[in-house]
Amino acid sequence: MLCVTNLKKSFNSLVVFDGFSLTVPRGSFTALVGPSGCGKSTFFDVLTGIVPKDGGDITWRGDAVPHLRGKAAYMQQKDLLLPWLSLIENALLPAIIAGMTPYAQAKARALFTRLGLSGFEEYIPGRVSGGMRQRCALVRTLMFEHELVLLDEPLSALDAITRRSLQSLLLLLQIEFGKTIVMITHDVEEALLLADEVLVLSRFPMSVRERYVPGTPKPRRGDDPELLKTKEQLFYGMEQEVVREAI
Ligand SMILES: Nc1ncnc2c1ncn2[C@@H]1O[C@H](COP(=O)(O)OP(=O)(O)O)[C@@H](O)[C@H]1O
Ligand SMILES: [Mg+2]
């Protein structure tokens with residue numbers, strides 16, 4: 001569905017990536033895990049055309065494209081909610097711009113209920129917790145009907161129980177609704193629970209340090225022996241990397 005080849009991006013003398021490549025099959029769930037500052041958010045920004053690339057090719061459904069603007073739903077790391085609009089107005093913003101429909105309203109209400117936000121529709125972002133703002137931003141992202149969904153640390157501000165419930169929602173989106181998901185996370189366990197392919201990234205420049213395909217079918221349990229073992233391995237690898245950088 002999506003093929004990225006040899007992507008390059010620098011900010012002045014900082015080379016964020018210099019030849020980064022990634023293939024995303026249709027209907028798959030890919031997790032990108034990497035240390036803070038390695039370039040994950042920049043990768044999504046370049047992919048969606050928010051930040052211009054310095055080089056490289058993006059192929060979308062077989063066609064070369066400059067970026068994925070208009071082709072993917074993108075939830076940025078910052079929630080970017082408008083402070084003067086209510087949560088439901090923020091979530092409905094894409095629909096308001098595109099022309100509001102009864103379907104969009106019903107969909108937003110249903111997602112509010114599913115994500116535990118019902119009763120808070122009329123609150124402004126400043127009056128609710130970070131986790132609620134994050135869920136509102138997720139609703140807004142899911143209001144787009146695109147098949148490809150790019151999520152930048154979508155569940156990072158949530159408590160453990162809400163997080164579990166939304167992890168199930170993400171799986172449902174992939175398996176029942178046929179979405180193709182690429183998710184950035186710093187949570188190795190979350191990546192191993194949800195993804196068909198886990199890419200562990202290293203920095204300066206960003207590259208794939210390890211590629212892991214979990215063997216256990218989904219839904220997976222956190223106490224799955226393979227998951228626990230792999231989690232330790234991937235953590236160990238990342239720790240080594242951080243230690244090497246520090247020395
Ligand atoms: N607009 C920008 N101008 C200059 N440097 C930037 C800009 N955006 C990001 N960076 C730098 O690029 C690197 C990667 O940032 P980012 O993609 O946000 O990392 P991550 O999402 O993996 O934590 C960081 O060192 C960051 O400071
Ligand atoms: Mg980031």
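Look up: the structure comes first, before these words.
Note that the structure is a prediction, hence the values are computed from the model and not measured. (Residues numbered from 1 in each chain as written. Chains lettered and ligands numbered in written order. Predicted model: local features only at pLDDT ≥ 70, side-chain atom pairs only at ≥ 80, totals over all residues. Heavy atoms only, no water.)

What the chain contains, in helices and strands, is 7 helices and 10 strands. The C-alpha radius of gyration computed for the chain amounts to 18 Å, which stays within 12% of the reference 18 Å derived for 247 residues, consistent with globular compactness. With the C-alpha coordinates aligned to their principal axes, the bounding extent of the chain is approximately 50 × 40 × 35 Å. The burial tally for the chain puts 49% of its 247 residues in the buried class. Taking the contacts inside the chain whose residues are at least 6 apart along the sequence as the reference set, 67% of them involve residues at least 24 apart. (Helix = DSSP H or I, 4+ residues; strand = E, 2+ residues; numbered from the N terminus. Rg over C-alpha atoms; globule rule 2.2 N^0.38 Å. Buried < 20%, exposed > 50% of the residue type's maximum accessible area, 1.4 Å probe, protein only. Contact = heavy atoms within 4.5 Å.)

Our focus in this paragraph is a nonpolar patch on the surface. Taken together, Phe11, Leu14 and Phe204 make up a surface patch of nonpolar side chains, about 280 Å² in accessible area. Judged by its relative accessible area of 39%, Leu14 is partly exposed. (Patch = residues over 30% accessible without salt bridge, like charges linked within 9 Å, V, L, I, M, F, W, Y side chains within 5 Å. Areas by Shrake-Rupley, 256 points an atom, 1.4 Å probe, with all protein chains shown as cover. Salt bridge = Lys/Arg side-chain N within 4 Å of Asp/Glu carboxyl O.)

Its 22 residues give helix H7 (residues 225–246) an end-to-end C-alpha distance of 32 Å, which sits within 8% of 32 Å, the value for a rise of 1.5 Å per residue. The set of residues buried in H7 consists of Leu227, Thr230, Lys231, Leu234, Gly237, Met238 and Glu241. In a view along the axis of H7, the buried residues occupy a sector of 135 degrees, so they form one face of it. Turned more than 90 degrees off the buried face of H7, the exposed positions are Pro225, Lys229, Glu232, Tyr236 and Ala246. Residues of H7 that are buried make contact with strand E3 (29–33), helix H6 (188–194), strand E9 (197–202) and strand E10 (207–212). Residue Asp224 occupies the N-cap position of H7, its side-chain oxygen lying 3.1 Å from the main-chain nitrogen of Glu226. (Expected span 1.5 Å × (residues − 1). Arc of directions from axis to C-beta. Polar contact = N/O pair within 3.5 Å; in protein donor to acceptor, adjacent residues only side chain to side chain.)

Attention shifts here to the pattern of salt bridges. Taken as a whole and assessed by the stated rule, the structure comprises 14 salt bridges. For Lys8, the salt bridge identified is with Asp18, shortest N-O distance 3.3 Å. On the criterion of sequence distance, the pair formed by Lys8 in strand E1 (residues 2–11) and Asp18 in strand E2 (residues 14–24) is long-range, its members being 10 residues apart. Look at Asp18 and you get partly exposed, because its relative accessible area is 47%. Among the salt bridges present, the one from Arg61 reaches Glu147, with a minimum N-O distance of 2.8 Å. One end of the pair, Arg61, is in the loop between strand E4 (55–60) and strand E5 (63–65); the other, Glu147, is in the loop between helix H4 (130–142) and strand E7 (148–152), with 86 residues separating them in the sequence. A relative accessible area of 22% places Glu147 in the partly exposed class.

Reference geometry at the metal: tetrahedral coordination by four donors gives ideal angles of 109.5 degrees; octahedral coordination by six donors gives 90 or 180 degrees. Looking at the magnesium ion (ligand 2), one finds its protein donor set to be Ser41 (OG) and Gln77 (OE1), positioned 2.1 to 2.2 Å from the metal centre. Residue Ser41 is found in helix H1 (residues 40–47), and its partner Gln77 is found in the loop between strand E6 (72–75) and helix H2 (87–98); the two are separated by 36 residues along the sequence. Note on Ser41: relative accessible area 23%, which makes it partly exposed. Here Gln77 falls in the partly exposed class, since its relative accessible area comes to 43%. (Donors = N, O, S within 2.8 Å, 3.2 Å for Na, K, Ca; no water.)

Packed helices, taken two at a time, are described by their axes: the angle between them and the distance between them. Look at helix H3 (residues 102–114) against H4: their axes get within 10 Å of each other, and the N-to-C directions meet at 145 degrees. Taken as a pair, H3 and H4 cross one another with a handedness that is right-handed. From H3, Lys107, Ala108, Leu111 and Phe112 reach across to H4, where they touch Cys136, Val139 and Leu142. (Axes fitted to C-alpha atoms, helices over the stretch in contact; angles between N-to-C directions. Left-handed = near helix turned anticlockwise from the far one by under 90°.)

This brings us to the site of ligand 1. Residues in close proximity to ligand 1 include Phe11, Leu14, Val16, Pro35, Ser36, Gly37, Cys38, Gly39, Lys40, Ser41 and Thr42, which together make up its full environment. Backbone polar atom of Cys38 to an oxygen atom of ligand 1: 3.1 Å apart, as the coordinates give it. Note that an oxygen atom of ligand 1 is positioned 2.9 Å from one of the side-chain N or O atoms of Ser41. Listing elements by their share of the shell around ligand 1, those giving two or more residues are E2 and H1. When the residues that make up the shell around ligand 1 are grouped by side-chain class, the tally is 5 nonpolar, 5 polar and 1 charged. (Near = heavy atom within 4 Å. Nonpolar A, V, L, I, M, F, W, Y, C, P; charged D, E, K, R; others polar.)

With that settled, consider unusual backbone geometry. The omega torsion across Phe204 and Pro205 is -10 degrees, close enough to zero to call that bond cis. Its location among the elements puts Pro205 in the loop between E9 and E10. The omega torsion of the bond from Lys218 to Pro219 falls at 0 degrees, within 30 degrees of zero and hence cis. As for its position among the elements, Pro219 is in the loop between E10 and H7.

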